[in-house]
Number of protein chains: 2
Amino acid sequence: MKNKIHIVGIGPGREDLMTREALEVLEQSDVIVGYPLYLELLEKRFQKKELLSTQMRQEKERCLLCFQKAQKGKRVALICSGDAGIYGMASLMYEIGNDYPQTELVIIPGITAASSGAALLGAPINHDFCVISLSDLLTPWEKIEKRIKAAAEGDFVIVIYNPASHKRKDYLARVCDILLHTIAEERVCGYVENIGRNGTKTTICTLKELRDRNVNMFTTVFIGNSDTYVINGKLVTKRGYQLTMNGQTANGGKH
Amino acid sequence: MKNKIHIVGIGPGREDLMTREALEVLEQSDVIVGYPLYLELLEKRFQKKELLSTQMRQEKERCLLCFQKAQKGKRVALICSGDAGIYGMASLMYEIGNDYPQTELVIIPGITAASSGAALLGAPINHDFCVISLSDLLTPWEKIEKRIKAAAEGDFVIVIYNPASHKRKDYLARVCDILLHTIAEERVCGYVENIGRNGTKTTICTLKELRDRNVNMFTTVFIGNSDTYVINGKLVTKRGYQLTMNGQTANGGKH
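Residues numbered from 1 in each chain as written. Chains lettered and ligands numbered in written order. Predicted model: local features only at pLDDT ≥ 70, side-chain atom pairs only at ≥ 80, totals over all residues. Heavy atoms only, no water.

**Q** Go over the relation of the copies chain A and chain B, please, and point to the residues and values.
**A** After a rotation of 180° and a shift along the axis of 0.0 Å, chain A superposes on chain B with an RMSD of 0.0 Å. Those values place the two copies in the arrangement expected of a two-fold rotation axis. Interface overlap between copies is the fraction of interface residues in one copy that are interface residues in the other; for chain A against chain B it reaches 100%, indicating a shared surface. (Least-squares fit on C-alpha atoms with pLDDT ≥ 70 in both. Contact = heavy atoms within 4.5 Å.)

**Q** Now, about the confidence of the model for chain A: what can you tell me, with residues and values included?
**A** Residues and elements named next belong to chain A. For chain A, per-residue confidence averages 91 on the pLDDT scale, and 93% of positions sit at 70 or higher. Across residues 241–253 the pLDDT falls below 50, and counting only partners more than four positions away or on other chains, this stretch makes 42 contacts in the model. Here the predicted complex scores 0.94 on pTM and 0.94 on ipTM. (pLDDT = per-residue confidence, 0-100.)

**Q** Can you tell me about the sheet that holds strand β11 (residues 219–223) of chain A, naming the residues and giving the values?
**A** Pairing is mixed across the open sheet formed by 10 strands, whose spatial order is β10(A)-β9(A)-β11(A)-β8(A)-β7(A)-β7(B)-β8(B)-β11(B)-β9(B)-β10(B). Every interior strand has two partners, whereas the edge strands, β10 (201–206) of chain A together with β10 (201–206) of chain B, have only one. Going across the sheet, the axis of each strand differs from the next one's by a mean of 15°, ignoring polarity. Of the pairings in the sheet, the one linking strand β7 (residues 129–133) of chain A to strand β7 (residues 129–133) of chain B comprises three bridges and is antiparallel in character. (Pairing = 2+ DSSP bridges. Helix = DSSP H or I, 4+ residues; strand = E, 2+ residues; numbered from the N terminus. Axes fitted to C-alpha atoms, helices over the stretch in contact; angles between N-to-C directions.)

**Q** I'd love a proper account of the pairing of β11 of chain A, names of residues and values included.
**A** All names here are of chain A. Counting buried positions over the five residues of β11 gives five, a clear majority of the element. Residues Thr219, Val221 and Ile223 line one face of β11 and the alternating positions Thr220 and Phe222 line the opposite face, and both faces are buried. Here three bridges tie strand β8 (residues 157–161) to β11, and the two strands are oriented antiparallel to one another. Bridge assignment links Ile160 to a residue of β11, and that residue is Val221. (Buried < 20%, exposed > 50% of the residue type's maximum accessible area, 1.4 Å probe, protein only.)

Here it is in structure tokens:
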């Protein structure tokens, strides 16, 4: 018989930023698997469940744990912060799932940091944007650099995940230096620390200022495009609404 | 005294894909404003509220309605499909809000189609990606074309919103033609119709096949990058996990 594993995006951390679907899936699970930090966010509510974790860089083991529990007939949920399908565990689960044809994988989407961070800053990604991770553990730096250049070339708003870590303290400065070749130093940017957790803090600054800011792995960075402005302390990328002759507005597609 | 308007992303349409925060804000509102189609999704649950709408292309009027109601002391929520800050009404509200300094705007994030569509297809945006709208009502086609080229140059996964409308039937074909200059015709792609609504349907195909598919404004399109594969019928972009010497995995930054 087919068994099923749910891979659940829990959003930035606050329970009220989870979808009802995500909460229901977790409530109906026997086993919840995740990185320790994220299990902690949930353990009060789900203390009667079997909660299992593996350490950082033990992602494959964490996935295998899920398949082993599912094979024993347990209802398993694997949690990821943000959206499970955006820098989350979904793709690794599909790869490993190749060896477990009797297990079906179901992805439950969550609020990713691009959405939750943008909401706190204003409306910086209200038009076309790119999401780029600066983690070069498995992506060569040259590829990250190429993407940063392409994003600037396309005048995208750029959302940066994992802008720094202990070993990568200067990566955001490096990215800003690349961008400053083609983008004016006054370009407006913003960043959010600890989205959905204690110590949430938003900052708006210029690209030049951003270069020298200290950020960490719990920071999400937004680099404006040529249509991004600061309006009353909020970072806003215009979507291009314009008044037409009769006072109606033309809309870029969504309502 | 300051009054407040909440701008609420309701996700793809199904109530269980809304966050609890979004549901609570709507429950505490006196007036819910939105495009008629999205109000319909909510009207059963919120039939005792004052529900107000304006037609398509009457976005500015819809915003003004919110500020007018808020000035009268009403608790107002403006709803948008998906995420209110991704091709939603958030930025227009900030612009118009310049004339209403006594009104504070609060953005409530929601699940955007990139997340919900990806979850149905597999894990296509598990690494760096771009989101591009093909609506050229207010973005010149040349700019859209430039972004498509830049996205291909950067080897991004590309998520396309608004791939077509009555007046823009051939836009997706035009985009594919641009991409086919630099990307092999076998590149794997996918699209999802009617996410979170009746008639949800996922399709996986090649870039060459995508060129001739009929899509509409309720379709979200995913164009894979050089690391995207089809695994057991799912569209998966590898995040670059690799086994290290001792069997541990290295991780691209999130857990």
